[in-house]
Amino acid sequence: MTTAADQSMPKLTAKDFASTQEVKWCPGCGDYSILKQVQTVFPDLGIPKEDIVFISGIGCAARFTYYMDTYGMHSIHGRAAAIASGVKISNPELSVWLVSGDGDAFSIGGNHFIHLMRKNFDMNYLVFNNQIYGLTKGQYSPTSEKGKVAKSTPFGSVEEPFNPTELALGAKSSFVARTMDRDPKHLQAMLKRAHEHKGTSFVEIYQNCAVFNDGAFFSFSDKETKKETAIFLEHGKPLIFGDNNDKGIRLDGLKPVIVDLNTSGLSANDMWIHDEKDKTKAHIIGSFFDSAFEGGHFPRPFGVIYTEDRPTFEDGLHNQIQELIARKGKPALDKILSGDKTWTIL
Amino acid sequence: MEQTLDNKVGSNAQLIDAESIVIRFSGDSGDGMQLTGMQFTDTAALLGNDLATFPDYPAEIRAPVGTTAGVSGFQVHFGSREIYTPGDQFDVLVAMNSAALKVDLPRLKKGGVIITNIAGFDKKNLNLAGYPDGVNPLNDGSLENYIVHKLDVTKLTKECLSDSGLGMKEIERSKNMFVLGLLFWMFDETMEYTITFINEKFGKKPEIAAANIKALKAGWNFGDHTEIFTTRYKVSAASLPKGEYRNITGNHATAIGLVAASEMTQLPLFLGSYPITPASDILHDLSKYKTSNVRTFQAEDEIAAICGAIGASYTGSLGVTTTSGPGMALKTEAIGLATMLEIPLVIIDVQRGGPSTGLPTKTEQSDLLMAMYSRHGESPLPVIAASSPSDCFQTVYEACRIAIEHMTPVIFLSDGYIANGSEPWRFPVAADLPKINVSFLTEANGPDGSLLPYKRNDLLVRPWIKPGTEGLMHRIGGLEKQNETGNVSYDAKNHEIMTHLRAEKVEKIAETIPPITVDSGKDSGKLLVLGWGSTAGAIKTAVRECIGLGYDVSHVHLRHINPFPKNLGEVLGKFDTVLIPEMNTGQLLKLIRAKYLIPAIGLSKVQGQPYTTIELKEKILEILK
Ligand code: SF4
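Reading the values: rules and limits
- Per chain, residue numbering runs from 1 following the sequence as it is written.
- The order in which chains are written sets their letters, starting at A; the order in which ligands are written sets their numbers, starting at 1.
- The predicted origin of the model limits local features to residues at a pLDDT of at least 70 and limits the giving and counting of side-chain atom pairs to 80 or more, whereas totals for whole chains, interfaces and linings rest on all residues.
- Values reported for side chains reflect all heavy atoms of the structure, with hydrogen atoms and water molecules removed beforehand.
- Under the scheme used here, helices are H or I runs from DSSP no shorter than 4 residues and strands are E runs no shorter than 2 residues, and both carry numbers assigned from the N terminus.
- Relative accessibility under 20% of the residue-type maximum defines a buried residue, over 50% an exposed one, and the middle range a partly exposed one, all with a 1.4 Å probe and only protein chains included.
- Residues are treated as being in contact if the distance between any of their heavy atoms lies within 4.5 Å.
- Where accessible areas are quoted, they stem from the Shrake-Rupley method and a 1.4 Å probe; at the residue level, only the protein chains shown are allowed to cover.
- Positive residues here are Lys and Arg, negative ones are Asp and Glu, while His and the chain termini are left out of the count.
- By convention, the point assigned to a charge is CZ for Arg, NZ for Lys, CD for Glu and CG for Asp.
- Each residue is tested against the molecule or strand, and it is near if at least one of its non-hydrogen atoms lies within 4 Å.
- The classification used treats Ala, Val, Leu, Ile, Met, Phe, Trp, Tyr, Cys and Pro as nonpolar, Asp, Glu, Lys and Arg as charged, and all other residues, Gly among them, as polar.
- Joining two parts hides part of their accessible area as seen by a 1.4 Å probe, and the buried area is that hidden amount summed over both.
- Here, a salt bridge means any side-chain nitrogen of Lys or Arg that lies within 4 Å of a carboxyl oxygen of Asp or Glu.
- Any pair of nitrogen or oxygen atoms within 3.5 Å is treated as a polar contact; in protein, a donor-acceptor pairing is required on top of that, and neighbouring residues in sequence qualify only through side-chain atoms on both sides.
- An expected span of 1.5 Å times one less than the residue number is assigned to each helix.
- Only the contacting stretch of a helix is used when fitting its axis, a line to C-alpha atoms as for every element, and angles between N-to-C directions run 0 to 180 degrees.
- Angles are sorted into four bins: roughly parallel if under 35 degrees, roughly antiparallel if over 145, roughly perpendicular if 65 to 115, and oblique for all others.
- Left-handed describes a crossing whose near helix is turned anticlockwise from the far helix through less than a right angle; right-handed describes the clockwise counterpart.
- Patch criteria: residues need more than 30% relative accessible area and no salt bridge. Like-charged residues are merged within 9 Å; nonpolar side chains of Val, Leu, Ile, Met, Phe, Trp and Tyr are merged within 5 Å.
- Here the limits of each domain have been adopted from an automatic or database domain assignment.
- Nonpolar cores are built from buried Ala, Val, Leu, Ile, Met, Phe, Trp, Tyr and Cys residues. Side-chain atoms within 4.5 Å join them into one set.
- Between rings of Phe, Tyr and Trp, where Trp is taken as its six-membered ring, a pair exists when centres lie within 6.5 Å; planes separated by under 30 degrees are stacked, by over 60 edge-to-face, and by other angles tilted.
- As a reminder, the over-ring test applies to NZ of lysine and CZ of arginine, requiring each to be within 6 Å of the ring centre and within 35 degrees of the ring normal.
- Any two strands between which DSSP finds at least two bridges are classified as paired.

A. Fine view of the overall build of chain A. Helices and strands together make up the secondary structure of chain A, namely ten helices and twelve strands. For chain A, the spread of C-alpha atoms along the principal axes amounts to about 95 × 50 × 50 Å. The buried share of chain A, reckoned over its 346 residues, is 55%. Counting contacts in chain A only where the partners sit at least 6 residues apart, residues at least 24 apart contribute 66% of the total. Working note: accessible area of chain A is about 14400 Å², and carbon and sulfur atoms make up 53% of it. In chain A, the 38 positive side-chain charges and the 42 negative ones have mean positions that sit 4 Å from each other.

B. The overall build of chain B, seen in detail. The secondary structure content of chain B amounts to 20 helices and 23 strands. If you line up chain B on its principal axes, its C-alpha atoms span 90 × 60 × 50 Å. A burial count over chain B gives 62% of its 625 residues as buried. When contacts within chain B are restricted to residue pairs at least 6 apart in sequence, those whose partners lie at least 24 apart make up 75%. Summed over all atoms, the accessible surface of chain B reaches about 23300 Å², with 51% contributed by carbon and sulfur. For chain B, the distance from the average site of its 59 positive side-chain charges to the average site of its 70 negative ones is 1 Å.

C. Layout of the site of the ligand. All residues adjacent to the ligand are Trp25(A), Cys26(A), Cys29(A), Cys60(A), Asn130(A), Gly134(A), Gln207(A), Cys209(A), Ala210(A), Val211(A) and Phe212(A). Residue composition of the shell around the ligand, by class: eight nonpolar, three polar and no charged.

D. Expanded view of the interface of chain A and chain B. Between chain A and chain B, the residue contacts involve 57 residues of the former and 70 residues of the latter. Buried surface at the junction of chain A and chain B, both sides included, amounts to about 5200 Å², of which 64% is carbon and sulfur. It is Tyr71(A), Leu337(A) and Trp343(A) that lose the most area in chain A upon contact with chain B, and together they represent 17% of the buried surface on that side. Here chain A and chain B share four salt bridges between them. Ionic pairing is found between Lys119(A) and Glu300(B), a salt bridge with its closest N-O pair at 2.9 Å. For the pair chain A and chain B, the interface holds 27 residue pairs in polar contact (both at pLDDT 80 or more). Put simply, the parts of the chain that give the side of chain A that touches chain B at least two residues each are β1 (52-56), β2 (71-74), α2 (80-90), α4 (110-119), α9 (313-328), α10 (333-338) and β12 (343-345) of chain A. The residue inventory of the side of chain A that touches chain B, partitioned by class, reads 25 nonpolar, 22 polar and ten charged.

E. Structural view of helix α17 (residues 536-548) of chain B. All names here are of chain B. The end-to-end C-alpha separation of α17 is 18 Å, in line with the 18 Å expected for 13 residues at 1.5 Å each. Along α17, the positions that sit buried rather than exposed are Ala 536, Gly 537, Ala 538, Ile 539, Lys 540, Thr 541, Ala 542, Val 543 and Cys 546. At its buried positions, α17 is contacted by β19 (525-532), β20 (553-558), β22 (575-582) and α20 (613-624). Within two residues after α17, Gly 550 carries a phi angle of roughly 95 degrees, on the positive side.

F. Highlighting the packing of helix α6 (residues 175-186) of chain B against helix α8 (residues 206-225) of chain B. Residues and elements named next belong to chain B. Between α6 and α8, the least distance of the axes is 6 Å, while the angle of their chain directions is 40 degrees. Compared by their axis directions, α6 and α8 come out oblique. When you trace α6 past α8, the crossing you get is right-handed. Two secondary-structure elements touch here, α6 through Met 177, Phe 178, Leu 180, Gly 181, Leu 182, Phe 184 and Trp 185 and α8 through Asn 212, Ala 215, Leu 216, Ala 218, Gly 219, Trp 220, Phe 222, Gly 223 and Asp 224. Broken down by class, the residue content of the contact of α6 with α8 amounts to eleven nonpolar, four polar and one charged.

G. Structural detail: a positive patch on the surface. Side chains of Arg62(B), Lys169(B), Arg173(B) and Lys205(B) sit close together on the surface and give a patch of like positive charge. Looking at the secondary structure, you find Arg173(B) in helix α5 (residues 168-173).

H. How the structure looks around the domain arrangement of chain B. All names here are of chain B. Along its sequence, chain B is carved into domain 1 (3-234), domain 2 (246-432), domain 3 (439-512) and domain 4 (525-624). With 28 residues of domain 2 at the contact, the number on the domain 4 side is 22 residues. Ranking the residues of domain 2 by area buried against domain 4 places Gln 365, Leu 368 and Leu 369 at the top, with a combined share of 30%. Summed over the shared surface of domain 2 and domain 4, the number is one salt bridge. When the shortest N-O distance is used, the salt bridge between Asp 391 and Arg 559 registers 2.5 Å. Mapped by element, the contributors of at least two residues to the side of domain 2 that touches domain 4 are α13 (368-373), β15 (383-385), α14 (391-406), β16 (409-415) and α15 (416-420). The element contributing the most residues to the side of domain 2 that touches domain 4 is α14, with five residues. By residue class, the composition of the side of domain 2 that touches domain 4 is 15 nonpolar, seven polar and six charged.

I. Summary view of the nonpolar core. Counting 100 residues, the largest nonpolar core has Ile55(A), Ile310(B), Leu530(B) and Leu588(B) as the members making the most contacts within it. The dominant element in this core, judged by the number of residues it contributes, is helix α11 (residues 302-314) of chain B, at nine residues. Beyond its immediate chain neighbours, meaning those up to four positions away, Ile310(B) contacts Met73(A), Ala334(B), Leu337(B), Ala338(B), Leu341(B), Ile343(B) and Leu345(B). By size, the runner-up hydrophobic cluster in this structure holds 55 residues, among which are Ile21(B), Cys160(B), Ala215(B) and Val235(B).

J. Quick peek at unusual backbone geometry. Residues and elements named next belong to chain B. In this chain, Thr 277 is followed by Pro 278 through a cis amide linkage whose omega measures 0 degrees. Inspection of the secondary structure assignment puts Pro 278 in the loop between β11 (269-273) and α10 (280-287). In the segment running from Gly 354 into Pro 355, the intervening peptide bond is cis, with an omega of 0 degrees. Within the secondary structure, Pro 355 sits in the loop between β14 (345-351) and α13. If you check the backbone angles, Gln 266 has positive phi at about 60 degrees while not being a glycine. Looking at where Gln 266 falls in the secondary structure, it is placed in the loop between α9 (250-265) and β11. Residue classification places Gln 266 among the exposed residues on the basis of a relative accessible area of 61%.

K. Broad picture of the packing of aromatic side chains. A complete count under the given rule lists 40 aromatic pairs over all chains for this structure. Between Phe40(B) and Phe187(B), the aromatic rings sit 5.9 Å apart at their centres with planes inclined by 85 degrees, giving edge-to-face as the arrangement. Of this pair, Phe40(B) sits in helix α1 (residues 33-46) while Phe187(B) sits in the loop between α6 and α7 (192-201), and the two are 147 residues apart along the sequence. Grouping residues by exposure puts Phe40(B) and Phe187(B) together as buried. Between the NZ or CZ atom of Arg182(A) and the centre of the ring of Phe218(A), over which it lies, the distance is 3.6 Å.

L. Structural view of the pairing of strand β13 (residues 318-323) of chain B. Residue and element names in this part refer to chain B. For β13, the tally of buried residues reaches six of six residues, placing the bulk of the element in the interior. The alternating pattern of β13 places Leu 318, Val 320 and Thr 322 and Gly 319, Thr 321 and Thr 323 on opposite faces, both of which are buried. In the sheet, β11 pairs with β13 via five bridges, with the strands oriented parallel. Across the sheet, the residue bridging to Ser 273 is Thr 322, located in β13. When β13 meets β14, the two strands line up parallel, connected through four bridges.

M. The packing of α9(B) against α10(B), seen in detail. All names here are of chain B. Contact geometry for α9 and α10: axes closest at 8 Å, N-to-C directions at 45 degrees. Looking at the two axes, α9 sits oblique to α10. The two elements α9 and α10 meet at a crossing, and its hand is right-handed. Here Asn 251, His 252, Thr 254, Ala 255, Leu 258 and Val 259 of α9 come into contact with α10, specifically with Asp 281, Ile 282, Asp 285 and Leu 286. Here the contact of α9 with α10 is composed, by residue class, of five nonpolar, three polar and two charged.

N. Quick peek at the sheet that holds strand β7 (residues 108-117) of chain B. Residues and elements named next belong to chain B. The mixed open sheet is built from six strands, whose spatial order is β4-β5-β3-β6-β7-β8. Looking along the sheet, the strands with just one partner apiece sit at the ends: β4 (50-56) and β8 (147-151). Averaged over all neighbouring strand pairs, the angle between strand axes comes to 15 degrees, with direction disregarded. Those strands touched by α6 are β3 (20-28), β6 (90-95), β7 and β8, and its axis lies near 140 degrees from that of β7.

Structure representation (structure tokens):
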């Protein structure tokens, strides 16, 4: 739980969240936009700066921590989630934000990622997915498309990438969203939603690596292509996309089907209405990623794909402790030292 | 058996006073020997004996039944004098099957007592134990130097529980209680504590409790009423220092030492752990103390366990992680992070035989150099080792003090032998526990209201700053940091300064630890036996016996290994020869030779078993003769 800022305090600005450290990402790196959107949104969240903690692992994204004037730890590769778990258990009042890249979160930190989703601490996990290893200068990553030609795969990679949405859903994530660096408004909205959700909020952010994987996601943000390649989900709204919002998706049983709204005689309201609390449908939306269905190329979904209210780890732990104390009381240290069976030597 | 006096008692058996007795309970993994041994131990302890125990069991939960690989032993040495080891040889061997006899007979004293369950000596069991066809040690004359009692414990238990209404399986499971009852009779000890224990343990299954109690009493009566046993032994209470005592294992002492440090500092205790033998009991024990400001976190792996503890320490808790060798290996990168961050952290390594999975349930002291040097880069850390089950309490408490007062990860070494072994402990009261100073920075500490997270005090310790503290927002991390400001710095000279500062900080801990003193013997002389960790009891016993025989030998035992006590060099210099026995191939030996440039001699044992007194005495006499 985050505490609301004292009403009498002057409202903070984006500048208040910028640290004194010089930002050192490459020119054109998508990380700049993400940093800017975070700093823009944070004053609206109403959390005192001292109650915010950023924990990051290793990679270009992980440097994020140094640029926020909050508390922060730039830790070791893959382990941010594990460190953050200890932070949150120790002080549930803190607003904890994790920043990872795709290698950090899904490769070296994969085990911690899945267990964090399952455990459901109230924290926000921002994964800057650029589908490449940037800091180590351009090797393919666990989210790189199959066949990726990179430094370590000159003839193309031979393995399938992770679909982070499915990974998170499969690991029992209670909040799954996708957004991108080049859509500031949408990114800001997702950050706010993540903050509002009580539980682990996983936000996959498509981020452009200008040096090693430039343009990997441009088709989702470029004017000419984005209408056809991306679909923006809103709770309670139909799944509509296309150049003139003339395509829709509806469910035929559990099979999604793309429908031409001009020719099919169906209207927007006949389409699949997004319900972000429906896990079965979330799995189907998640799988659009792979174009695994007949009937053409499905657009990549952005927005809150799934959210669910369920108890957090820290509440479970601390409530259990409170209940135990209420029922049993707290033993005196002397009682713990002596144990139950003692004898005296005179 | 050291016997003194005969007299007659109610039954026809004579009661002999014995100064100390070693019993080895030995059977199949499923025979309940650990529980039987522990119950016997608890009773002996409550009756005022000094004692030491040694549970010795296989790594497999259910190792192949009836084979020598599946033998599980529990050894208890109890006496009316001070006891420091579980004993080199047994006076009494309880062998529940032929494999148990085969494994443990070599360490039974000549003339010792064997109590066997003949049901475990049928053709099948003899084969499984690897005896040649047609050979049964119980009737081939090979045991004629011993007093052998052949009982069909299985049958006797079945008979006594025939009307209990329990199934055959459950009845058979009570046979260890029959043996325990017989042993209580043999050593003139009360069944009272075990009866209470059984009632508590099987509170929800009264028929099982009743059956176990019945078997226990049947065992006692069997001793009392049959004429088979002609001798009983009485081990009087020991004249230990006055005070209140309890029996304690090393792992439990470690757990409550951590609770004590947390309570005395008012810091919440955070344990991040992943199950591993032989350290898991610390996790189990601490999980029971959740109402005492203890949060236990069973992490997804060893790395997450220590990282959780790092996050907790960063947030102002006392962060602790527990593990054994393989887990230590996984944690090393994170230990490096904690070293770089300079935050308190207690890392507990309950050592076992290595490398790799090695001997999970057997003891060894082979992680010392790993504790000293396993991190990449220059990353010295304090290392501290416990010397006995009860010493785990004081030593882990000291580890917490060093971690908190010096803002550093500390490695605490225990091992399987003392972790599972137990001894009577004159426990302290909270009011007598030493103070641990804790302070958090609450205001900017630099010029013009600036914050310097890595500004150091006289002991080169930086301040502890909790997230949530207004106005002190700052970032820390694994990258090299600029002196004082903590900002990222790749400056060459700065890295050198920081490397030396981190090392000097650890060196300065020596200013706060007491000078080392001689444990047994004179302050100078011909031979010093220098030990660390769990060899303490065996060395003490061997050295004292040699002194008793007129030899010029002394014993010094180290708790602090990094840094060493300041006067250690001076103490070592007063002896012609320094002998360092270790359950490794000479790890402290290397450290001592390197630091003090003395030609110390090593004695090595890597058999997964602790030293016997005889082994040490032989080496001492070889040097002195
Ligand atoms: S390498 Fe790529 S991800 Fe890293 S800073 Fe440069 S552009 Fe950004």
